[in-house]
Amino acid sequence: MDSLSRTWALLIAAAILYIPANAFPVMQTSTLLSTQSDTILSGILYFWNTGSPELAVLIFTVSILVPLLKLATLSTLAVSIQRGARGRADQRARLYRIIEFVGRWSMLDVFVVALMVGLVHFQGLAVIQAGPGAAAFGAVVVLTMLAAHSFDPRMIWDRARRPRGKRPPKKRLAFGTRHG
């Protein structure tokens, strides 16, 4: 159950940081003529309004939808373990594998901001700095990855295989060992 407690702690922290990740600027651009701060949503709207709806949809999916779905899916899996769900263990295990796979691509946005900062500094056209939203977004990504990693998918199958009403045997500790 330590696994489940760690997962919940990481999920709650990620959910709290999801708000500033989307509310605060992720990027601040300064040129000779102006300074502009952009949130994830303002960047999506910019690409949508300037004729790049495909890019806007991609950014929306990767930056807003995927983290939200990861939070919701991991929370659903954790709740199903806590409530002792028995059915559909194969579907829940598949959901977990999808979350693990998606986690590998979650840092894409953070890398895009870092790449843009590097390219713009290299060309000397403007100054781009990561805003506080980028730090919060990076933290959300890392925390959801850690939550997925700390979640023990064996708990899905343990509950499904146990006969109804039967509890798992209590672990007996050998003399001189620690329980941890």
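A few points on the structure. (Residues numbered from 1 in each chain as written. Predicted model: local features only at pLDDT ≥ 70, side-chain atom pairs only at ≥ 80, totals over all residues. Heavy atoms only, no water.)

## A few points about the packing of aromatic side chains
Here's step 1: Throughout the structure, instances matching the rule amount to two aromatic pairs.
Here's step 2: Both rings, one in Y46 and one in F47, keep their centres 5.3 Å apart while their planes meet at 70°; by these two values the pair is edge-to-face.
Here's step 3: Among the residues examined, F47 registers a relative accessible area of 26% and is labelled partly exposed.
Here's step 4: Considering the side-chain rings of Y96 and F151, the 5.5 Å spacing of their centres and the 40° angle between planes classify their relative orientation as tilted. Taken together, the residues span a long stretch of sequence, with Y96 in helix α4 (residues 89–103) and F151 in the loop between α6 (132–150) and α7 (154–161) at a distance of 55 residues.
Here's step 5: For F151, a relative accessible area of 2% gives the class buried. (Phe/Tyr/Trp six-rings, centres within 6.5 Å; stacked < 30°, edge-to-face > 60°. Buried < 20%, exposed > 50% of the residue type's maximum accessible area, 1.4 Å probe, protein only. Helix = DSSP H or I, 4+ residues; strand = E, 2+ residues; numbered from the N terminus.)

## Let's talk about the pattern of salt bridges
Here's step 1: For the structure shown, the criterion picks out one salt bridge.
Here's step 2: A salt bridge links D152 to R154; the shortest N-O distance between them is 2.9 Å.
Here's step 3: The exposure class of D152 is buried, given its relative accessible area of 19%.
Here's step 4: By relative accessible area, which is 56% here, R154 ends up exposed. (Salt bridge = Lys/Arg side-chain N within 4 Å of Asp/Glu carboxyl O.)

## Observations regarding the nonpolar core
Here's step 1: Counting residues in each nonpolar core, the largest one holds 23 residues, and the members touching the most others are I40 and L74.
Here's step 2: Secondary structure elements with two or more residues in this core: α1 (2–23), α2 (40–49), α3 (53–82) and α6.
Here's step 3: Looking at this core element by element, the count peaks at eight residues for α6.
Here's step 4: Discounting residues that sit within four places of it in the chain, L74 has contacts with L11, I99, T144, A147 and A148.
Here's step 5: L4, L77, A89 and I156 belong to the second largest nonpolar core, which has nine residues in total. (Core = buried A, V, L, I, M, F, W, Y, C linked by side-chain atoms within 4.5 Å. Contact = heavy atoms within 4.5 Å.)

Shape is all these values report; function is a separate question.
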